[in-house]
Structures are given as C-alpha cells and as structure tokens.
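Residue strings, one per chain:
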Protein chains: 2
Amino acid sequence: MTEAAARRRGRPPRTEAAGTRDRILAAAREEFSARGYEKTSVRGIAKAAGVDPALVHHYFGTKEQVFEAAVEIALAPAAGMPDTLAEGPLDGVGERLTRFVFGVWENPVTRAPLLAIVRSAVTNDTAAAVFRRMVVSQIMRRVAARLEVPDAELRAELAAAQLVGTAMLRYVIQVEPLASADVERIVERLAPVVQGHLTGP
Amino acid sequence: MTEAAARRRGRPPRTEAAGTRDRILAAAREEFSARGYEKTSVRGIAKAAGVDPALVHHYFGTKEQVFEAAVEIALAPAAGMPDTLAEGPLDGVGERLTRFVFGVWENPVTRAPLLAIVRSAVTNDTAAAVFRRMVVSQIMRRVAARLEVPDAELRAELAAAQLVGTAMLRYVIQVEPLASADVERIVERLAPVVQGHLTGP
C-alpha cells in the first residue's frame, strides 16, 4: 500500500509509522526474550509498546510474523554477511562464517535476542519453523549454493551444527572451560573444521 | 541407610521400595518430558505416580534431584559407554563417541527423555546445571582425561558441540536434509571431525 493510501485510511504518515513500527519491534524483542515464544502475546507486546493490539496486527500480522520480524531485526547487524560470504573467496569461507557467528553472539546487543530465538526454537514448533526459515534458508542455503560438492546442503548444515552447538554450550548451557575461553582460540579451532565441512573431502 | 534401618523406620522392604522408586522415576520422566522443567512439580510427579509427595522427597530430595535421577535413567542405556571409551583404542574414539550419541538419539526409548533434557537445559538454569554435571563432567571429562594434548577439555567440549549441535538441528529444530538423512551418512561425516577435535593437530 502506498503512503497516500495509508493516510487516506487514517493511519499516520510514514515517519511516524516507522517510529511506531520500531517501538512495537523493540517491545516484541523484549517480550520474546523475557518470556519465550509461548508466553508472549500480541496483547502483551502492544501493551509494552503503548499501542493498540490492532496496530501490532496491522503492521506484522500474527504472533509468528511478529516473532519473525523480531528475529530479522536481531540478525540485522549480520544482514550483509551472506553477500560477503557469497562474494568472498571460497577458501576463507570457514573463517568468515565462524567469525560472523561469534561476532553476533559476542555483541551484547544481539546476544539477548539470539538467546530468545534459541530458547523459543527449542521449545516451540512455530518458533522452530521461523529459525529454520531464517537461519538455515537465508544463511546456510546461500553458502551451500556456492559449494561444488555433492551433499552441499547436508555439509552446510553439519557446519552450522558445529557453530550452533558451540554457541549452545558456551552461551546457553555455559560449560567450562568453553564458556570462558578466549573467542579467538575458539575461532582458531573451529574455522578449519567449518571449512572442512564445506570444502573438504 | 541399610535395608534393616529403613524397615525399622516404617518404610517398605527393598523390593517394594524399588517398585515405588521406579514408578516415581517413570512418572518424573513423563512429567519433565511433557511439561518441561519449570512447569513440573514434585506434587505433579507424585500424583502421576500415585504416591504421596513426601515419598518423592524421601527417595530423591528436591525437584532438581528428581530431574537428575530422571536424566540418569534416560542415559542408562549408555552407562557403560564412558568405560568403553576409556578402554578402547584412542584412534577410534571419534567414531565410538559419534555412534554412541546417535545410538541414544535414534532409540525411541531414550529420545523422548533426551528431548526433555535439552528443552529444559536451554530454558532453565537449574536444568542447565544438571546437563553440565551429567553430560559434560561424566562423559566429556573422561574422554578429555585420556587425551595427551594441551587444551584437552576445550577440545572435548568442541567435539561435544559438534554432536550436540547436530542433534539439535536434526531432532529438535528438524532442519532438512539433515533431519531425514541416513544416520550412517552422518556418522561417516562426523566421526573424523570428532576425532580431529580430540586427537588432531
């Protein structure tokens, strides 16, 4: 819908709309992080954002769609990554992917929403479906598309499994010494493993 | 406490006690699987087992301790594994560990409680602590103790991360093609990766 059409229907002009949309998204991120997917409601998000629940539905649709938008925002700092991966040399892809994942997890701004995504995806089927679409389709499929090996998608997923599992044990379960290890040492050990999954024998 | 002492205190003799204990454990496994750690109560477990809550406390102590016992039972088919690992040749340890993990996950009897453990560990700190003690200390530390490399524990944890992450994506998040891939193909690809973590350069 055009901005003019939106205004005719009594909604705020774009700049104000963008502010409202961002406020709803920030509230959604907070709610999903604090309560998990199942206990979060559109009504609760609306209340936290100080808007009518109808406005949440208007901008995003269902709770699942709000969650997806919140996940997208959480991964926004990484939005350019798949392109970099797709364009960079293939023999550095293991290190780039590993640095990307730990960069996002080590950043306090993105860590909280990521924790919320993982927790929700593990306990709720709808959130798991969002995780599959966002992380696997948007990142791993694009990596797999560049590989000239049989089983490219399976290989990309086993590479993702190494990274997802390490993030789980380090940031979620907090297993020692992994949880306190220097991130550079982890990258140093994992980059060749991820590279091997993607381009090795 | 000896059986005689237990009887003096008015508790049932061992055979009957074992039956009650097993019934409580089975109920605990069901409850933790169905509701997750947080929503499960000692009262609910007692009700499902058809016993007084005091009996649950008597046999196991706190909810955390019931959970730990339920996890122990879930991993019981694997109880001999750490010994096998500790005794077998070091150059086959990657494959043995990988086969062990997927053997437990592919077995329908052990898969349900494992799912419950993972879901609980990801969403609850107490359950995460149990996961750390059981999985990491009892299995990975014993593997690490056999390795003659610096950073043995970190290496063992990164190996565990590959296996835990693959189990997450295959059984919990159900990412394709990984979720439907033949388990032998997964073992074939992961065994050398796990071996490399443990004994590689």
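Residues numbered from 1 in each chain as written. Chains lettered and ligands numbered in written order. Predicted model: local features only at pLDDT ≥ 70, side-chain atom pairs only at ≥ 80, totals over all residues. Heavy atoms only, no water.

### Here's the deal with the overall build of chain A
Step number 1: Regarding its fold elements, chain A presents eleven helices and zero strands.
Step number 2: Listing the helices and strands of chain A from first to last along the sequence gives α-α-α-α-α-α-α-α-α-α-α.
Step number 3: Within chain A, contacts between residues separated by at least 24 positions form 66% of all contacts whose residues are at least 6 apart in sequence. (Helix = DSSP H or I, 4+ residues; strand = E, 2+ residues; numbered from the N terminus. Contact = heavy atoms within 4.5 Å.)

### Comments concerning the interface of chain B and chain A
Step number 1: Opposite the 41 residues of chain B that make contact, chain A presents 42 residues.
Step number 2: Roughly 3500 Å² is buried in total at the junction of chain B and chain A, and carbon and sulfur atoms are behind 67% of that figure.
Step number 3: When the buried surface of chain B facing chain A is broken down by residue, Val 122, Ile 173 and Arg 189 of chain B rank first, second and third, together holding 19% of it.
Step number 4: Inspection of the region where chain B meets chain A yields two salt bridges.
Step number 5: Across the pair Arg 185 of chain B and Asp 151 of chain A runs a salt bridge whose closest N-O atoms are separated by 2.7 Å.
Step number 6: Here chain B is connected to chain A by 16 residue pairs in polar contact (both at pLDDT 80 or more).
Step number 7: For the side of chain B that touches chain A, the secondary-structure elements that each account for two or more residues are helix 8 (108–123), helix 9 (125–146), helix 10 (152–172) and helix 11 (183–199) of chain B.
Step number 8: Looking at which element gives the most residues to the side of chain B that touches chain A, the answer is helix 10 of chain B, with 14 residues.
Step number 9: Along the lines of polarity and charge, the residues of the side of chain B that touches chain A split into 23 nonpolar, seven polar and eleven charged. (Buried area = accessible area lost by both parts, 1.4 Å probe. Salt bridge = Lys/Arg side-chain N within 4 Å of Asp/Glu carboxyl O. Polar contact = N/O pair within 3.5 Å; in protein donor to acceptor, adjacent residues only side chain to side chain. Nonpolar A, V, L, I, M, F, W, Y, C, P; charged D, E, K, R; others polar.)

### Observations concerning the nonpolar core
Step number 1: One finds Leu 198 of chain A together with Leu 198 of chain B to be the most contacted residues of the largest nonpolar core, which totals 131 residues.
Step number 2: Not counting residues within four places of it along the chain, the set of residues in contact with Leu 198 of chain B comprises Val 93, Leu 97, Val 143, Leu 147, Val 149, Arg 155, Ala 156 and Ala 159 of chain B. (Core = buried A, V, L, I, M, F, W, Y, C linked by side-chain atoms within 4.5 Å. Buried < 20%, exposed > 50% of the residue type's maximum accessible area, 1.4 Å probe, protein only.)

### Quick word on the UniProt feature "DNA-binding region" (unreviewed entry) in chain A
Step number 1: Annotation from UniProt places "DNA-binding region" (unreviewed entry) at residues 41–60 of chain A.
Step number 2: Helix makes up 80% of residues 41–60 of chain A and strand 0%, whereas the separation of the span's terminal C-alpha atoms amounts to 13 Å. (UniProt positions renumbered as here; feature names shortened; annotations may be inferred.)

### Quick notes on the layout of surface pockets
If a probe as big as a water molecule is rolled over the atoms, it shows which places are left empty.
Step number 1: Taken as a whole, the largest pocket encloses approximately 630 Å³ of empty space.
Step number 2: Around the largest pocket sit 21 residues that line it, and Glu 38, Lys 39 and Thr 123 of chain A together with Lys 39 and Thr 123 of chain B are the ones nearest its centre.
Step number 3: Sorting the residues of the lining of the largest pocket by element identifies helix 2 (14–39) and helix 8 (108–123) of chain A together with helix 2 (14–39) and helix 8 of chain B as the ones contributing at least two each.
Step number 4: The biggest single contributor to the lining of the largest pocket is helix 2 of chain A, with eight residues.
Step number 5: Its residues assigned to classes, the lining of the largest pocket shows six nonpolar, seven polar and eight charged.
Step number 6: In this structure, the second largest pocket spans a volume of roughly 350 Å³. (1 Å grid on protein atoms, 1.4 Å probe; cavity = no way out; pocket = protein on both sides within 12 Å on 5 of 7 lines; lining within 4 Å. Points joined across faces, edges and corners; volume = space filled by probe spheres on them.)

### Details of the pattern of salt bridges
All names here are of chain A.
Step number 1: Applying the stated rule across the entire model yields ten salt bridges over all chains.
Step number 2: Put simply, Arg 170 and Glu 106 hold a salt bridge, and the shortest N to O gap is 2.9 Å. Within this pair, whereas Arg 170 is found in helix 10 (residues 152–172), its partner Glu 106 is found in helix 7 (residues 93–106), the two being separated by 64 residues in sequence.
Step number 3: Exposure remark for Arg 170: the relative accessible area of 8% places this residue in the buried category.
Step number 4: By sharing partners, the salt bridges in this structure join Glu 95, Arg 99 and Glu 184 into a single network.

### A look at the domain arrangement of chain A
Residues and elements named next belong to chain A.
Step number 1: Along its sequence, chain A is carved into domain 1 (3–61) and domain 2 (74–199).
Step number 2: Every contact between the two is made by six residues of domain 1 and, on the other side, nine residues of domain 2.
Step number 3: Buried surface at the junction of domain 1 and domain 2, both sides included, amounts to about 570 Å², of which 55% is carbon and sulfur.
Step number 4: Broken down residue by residue, the surface that domain 1 buries against domain 2 is led by Arg 29, Ser 33 and Tyr 37, which jointly contribute 74%.
Step number 5: Inspection of the domain 1/domain 2 interface yields zero salt bridges.
Step number 6: At the surface where domain 1 touches domain 2, the tally comes to two residue pairs in polar contact (both at pLDDT 80 or more).
Step number 7: Taken together, the residues of the side of domain 1 that touches domain 2 break down into two nonpolar, two polar and two charged. (Domains from an automatic or database assignment.)

### Remarks on the packing of helix 10 of chain A against helix 11 of chain B
Step number 1: Interaxial distance between helix 10 of chain A and helix 11 of chain B falls to 12 Å at its minimum, and their mutual angle equals 40 degrees. With respect to helix 11 of chain B, the element helix 10 of chain A is oriented oblique. Note on packing geometry: the crossing formed by helix 10 of chain A with helix 11 of chain B is right-handed. Contact residues: helix 10 of chain A offers Leu 154, Arg 155, Leu 158 and Gln 162 of chain A, while helix 11 of chain B offers Arg 185, Ile 186, Arg 189, Leu 190, Val 193 and His 197 of chain B.
Step number 2: A breakdown of the residues in the contact of helix 10 of chain A with helix 11 of chain B according to their chemical character gives five nonpolar, two polar and three charged. (Axes fitted to C-alpha atoms, helices over the stretch in contact; angles between N-to-C directions. Parallel < 35°, antiparallel > 145°, perpendicular 65-115°, else oblique. Left-handed = near helix turned anticlockwise from the far one by under 90°.)

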